[in-house]
Every structure is written in structure tokens, then in C-alpha cells.
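# Structure assessment
Listed below are the residues making up each chain.
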Amino acid sequence: MKLCVLGLGYIGLPSASMFATHGFEVLGVDVRPEIVQKLNNGEIHIEEPGLATLVEAAVKSGRMRASVSPEPSDAFIIAVPTPITETHGADMSYVRQATEAIVPHLRPGNLVILESTSPPRTCADIIIPILSATGLIAGRDYHLAHTPERVLPGQILKELIANDRIIGGVTPLCAEKARDLYRAFVQGEIFLTDATTAEMTKLVENTFRDVNIALANELARVCEKIGTSVWEVIRLANRHPRVRLHTPGPGVGGHCIAVDPWFLVESAPDEARLIRAAREINDGQPARVMALIERAVETHGPGPIAFFGLTYKPDVDDTRESPSFPIVRHFMKKKGQPVIVHDPNVKKSEFPLEKDFQQVVAKARYLVFLVGHRPYRESAPDFSGKVIIDTINMFGGRGLSPDCHLYTLGKR
Ligand code: SAJ
């Protein structure tokens, strides 16, 4: 069976290589020629544990290659980005372009799968109308289904295989055809439903997380006002058998949780009030961190500020929508304020990066921890005399030297 995977990013590339190593002939398609060239050389453009080895194996087996345009295939999988616009609307231009690219190649009996996280009714209102240019009818002449991806960056390969999967078909047969395909490597349970329910389900999963993180961030603000530690409150409340509070932090980053809830808000603006409020609370966290740093500087006087962690979460190299950026930019713009930036996983960014953690600690007066990368968690540098701004409670349980000053988000 020949598969065409459109979009070779964090989801498309792992899925394409997974299919290739399970016996399918796979053509990976990406509009960026440099990615296509890299892939054909067996190299990858993103960091993900185990992915380089899998891609190399897929290309070496001769079953995976890449191109900038699709070819006739048995199945087409759309795995392109669905970002948000400045006004928090869904930008569906990549999905439209990818669907239009399939039109010349779609044949009776083909299977089309949308993997990209999409607003409800995308299959019905975007994909079907575009593919109707072929004269073929969804559910009768070709099969169409939505199989949202649910993998956690940093654990993509493991979760692609192990996670349960929701598959929503335009007809029940469409869902069954998609299930038969994913069964090639999915070991989790596969649940079949209709396409719009699958679209909603995926958005609801990430919204659940966003709203829970917003609750934690709001509790951090309440605890600061009352004069208690949110970290201790959460630790103790979570000892209740039915309470599972999330963790406050400098904000919600990544290309999923900070984005997907807006699709629900756009679809039902008058109804999705809690969802919108949660987004706004989480987007307000970087400003809370800035205020905390400013309060520390007012108390302890001027000095170089070091920021640790640029990625959107620990132990990945992905910086998309990372809350660290507005925070660092804010202090970079301040006249006469020396700023040092460090991240063990990021090779290039808009800021000059220093590589040696110990040296950065030695040079700075203020140490702002934004991401709890493993090297930070496991290190024991000399913090004496430093002012530490801890946004993730890394130092809650650690004995710090008595002459260092600790400011923690969610604690007065
Ligand atoms: N965060 C907090 N507090 C928490 C948990 C997370 O502030 O208690 C922050 C993180 O620091 C990060 C952001 O939230 O900035 C998102 O990180 P994450 O680990 O919660 O999620 P993602 O974006 O890496 O992956 C999510 C996952 N969705 C769910 O857990 C419901 C993943 O399964 C999805 O496949 C992925 O989105 C996606 O692609 O949609």
C-alpha cells in the first residue's frame, strides 16, 4: 500500500517513518525543499528522542522518500500546522493548500485522513468542498476520516504506538478503513466515531489541560495575595483521592495547548466563557513573572539577569509559543540592563546564548529559572549571594545557602 503524508513536522515525520518501518511505501511531502532534501539524505530537522534512528531506518529500507508535491497513492494523510491568527482565529491555509494538492491525485477507493488538530466541522466544511472538485463523493467514492494526534512532544514515538486513538469517519466505513491503516502500528485501543466528534474530542483534551493549568495559575495569584505557598497548598490538596491540581508556571507554551482552546472559542464565542478566561489567565503569566523580577531588582539593586530555559517545557528543544520569549525580550529592551540567556537544548535563537551553566551562574546577580530542564534540576552550583527567581518551584525542597534570596511564583 502506498501512503502520501503531507507535512513533515513533529507529527507527520514520526508517523510517516512509523508507517515505512511497518511495511508501507511512504512518500513524505513538504513545501519546504530543505526539509525534503534532508529527509532524502536520511537526516531530520527536528529533535525528538529516537526519531533520527527511525527516519534513517525508514529511508535506508527504501520505503520512504520525500518530495515537494504529492503523487497518486492509496491513502493521503494531512499533518500540516493549524496555527492561530493574531485575532485568535484558526489559520486553515495549510490544511486548504494540502487538500488542494491532493485534488489532482485523488482516485476512487482512496482514503484521506486529516491528522492536524482542527476546528470542529473541518472535514465537513473545508476538506469535502475542496475535494468535490474531483467529482468524487466522500463516503461513497473515497473515504475520509479525522484521526487526531495525541502524542506528547518528547515521547512521540512511544505514544504513537501506545496511546489509544480516536478515529472519526465521515461514514462508519470511512472510520473502519482508517482504523485498518493505523492498526499497522497502534497498540492502544482504537475508538470509532464520526468526524466532527473526533475533531471536538481532540480540542476538548487540550482545553481540559489549559483550563486546569489556568486554575493552578489563578490559585498562585490568590495564594500570593493571602500570603501562603500555592505549591504547598497544591501538594496537600492533591492528597485527596479525587483532586488532581495542575502546576502553576510562567505560562502555557507549545503549539497545541496555547492554541487549540481558541478554536472552541471561535466556534462558540458566547458559550465558551470559561475556556476564554483560562486562555487569558495563562497568557497573563509572563507579565506576572516580569513583575516578580522587577520587585526583586527594586529590592536588591541593579545587576546582570540570567534567564534559564527558552523552550516551552522541560527537556525538549521546541521553543514555539514559549512564554520565556516575552519575558526575556522585556528585559533585553531595558536600557543598561545586562541580560544573559542559557538553554542546554536550544542551539539557535533570536538571543545570544551562553553555553556554560556554571559560568552564567557566576556572572549573574539574578538567576531566573523559567524551565526545569534536567541539567538544572540535577546541578548543584554555588548560589551564594545570588537572587533566585524561581517560576517553577525548582528550589522548593532544596537547601539553598542562607545568603541567597529566593523569590518564588505563587508564594509571598
Ligand atoms: N504546563 C503548566 N502546568 C502544568 C502542565 C503544563 O504550566 O501543570 C505548561 C507547560 O510548561 C507547557 C504547556 O503547559 O508550557 C503545555 O505542555 P504540556 O506538556 O501540557 O502539553 P504539550 O503541548 O507538550 O502536548 C499536549 C498534550 N495534550 C494533553 O496532555 C491533553 C499532548 O498529548 C497532545 O498530543 C499535544 O498537546 C498536541 O499535539 O495537541
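What comes next concerns the included structure.

Thresholds, definitions, all that
Residues numbered from 1 in each chain as written. Predicted model: local features only at pLDDT ≥ 70, side-chain atom pairs only at ≥ 80, totals over all residues. Heavy atoms only, no water. Buried < 20%, exposed > 50% of the residue type's maximum accessible area, 1.4 Å probe, protein only. Helix = DSSP H or I, 4+ residues; strand = E, 2+ residues; numbered from the N terminus. Pairing = 2+ DSSP bridges. Right-handed = clockwise from strand over helix to strand, strands pointing away. Contact = heavy atoms within 4.5 Å. Axes fitted to C-alpha atoms, helices over the stretch in contact; angles between N-to-C directions. Parallel < 35°, antiparallel > 145°, perpendicular 65-115°, else oblique.

## Some remarks on the pairing of strand β10 (residues 339-342)
- Burial along β10 is two-sided: the face carrying Val 339 and Val 341 and the face carrying Ile 340 and His 342 are both buried.
- Alignment of strand β9 (residues 305-308) against β10, held across 4 bridges, turns out to be parallel. When the sheet's bridge partners are listed, Phe 308 is paired in β10 with His 342.
- You can see the chain leave β9, run along helix α13 (residues 324-332) and come back into β10, and the turn it takes is right-handed.
- Judged from the 2 bridges that link them, β10 and strand β11 (residues 353-354) form a sheet pairing that is parallel. Residue Val 341 lies in a different strand from β11, and its bridge partner there is Leu 353.

## Side note on the environment of Ser 229
- Note that Ser 229 resides in the loop between α8 (195-226) and α9 (230-237).
- Sequence-wise, Ser 229 and Leu 27 are 202 residues apart; in three dimensions their C-alpha atoms are separated by 53 Å.
- Each residue touching Ser 229, except ones within four places of it in the same chain, is listed here: Cys 223, Gly 410 and Lys 411.

## Let's talk about the packing of α8 against α9
- Packing of α8 against α9 brings their axes to within 9 Å, and their N-to-C directions diverge by 125°. The orientation of α8 with respect to α9, classified from their angle, is oblique. Two secondary-structure elements touch here, α8 through Ala 216, Leu 219, Ala 220 and Cys 223 and α9 through Val 230, Val 233 and Ile 234.

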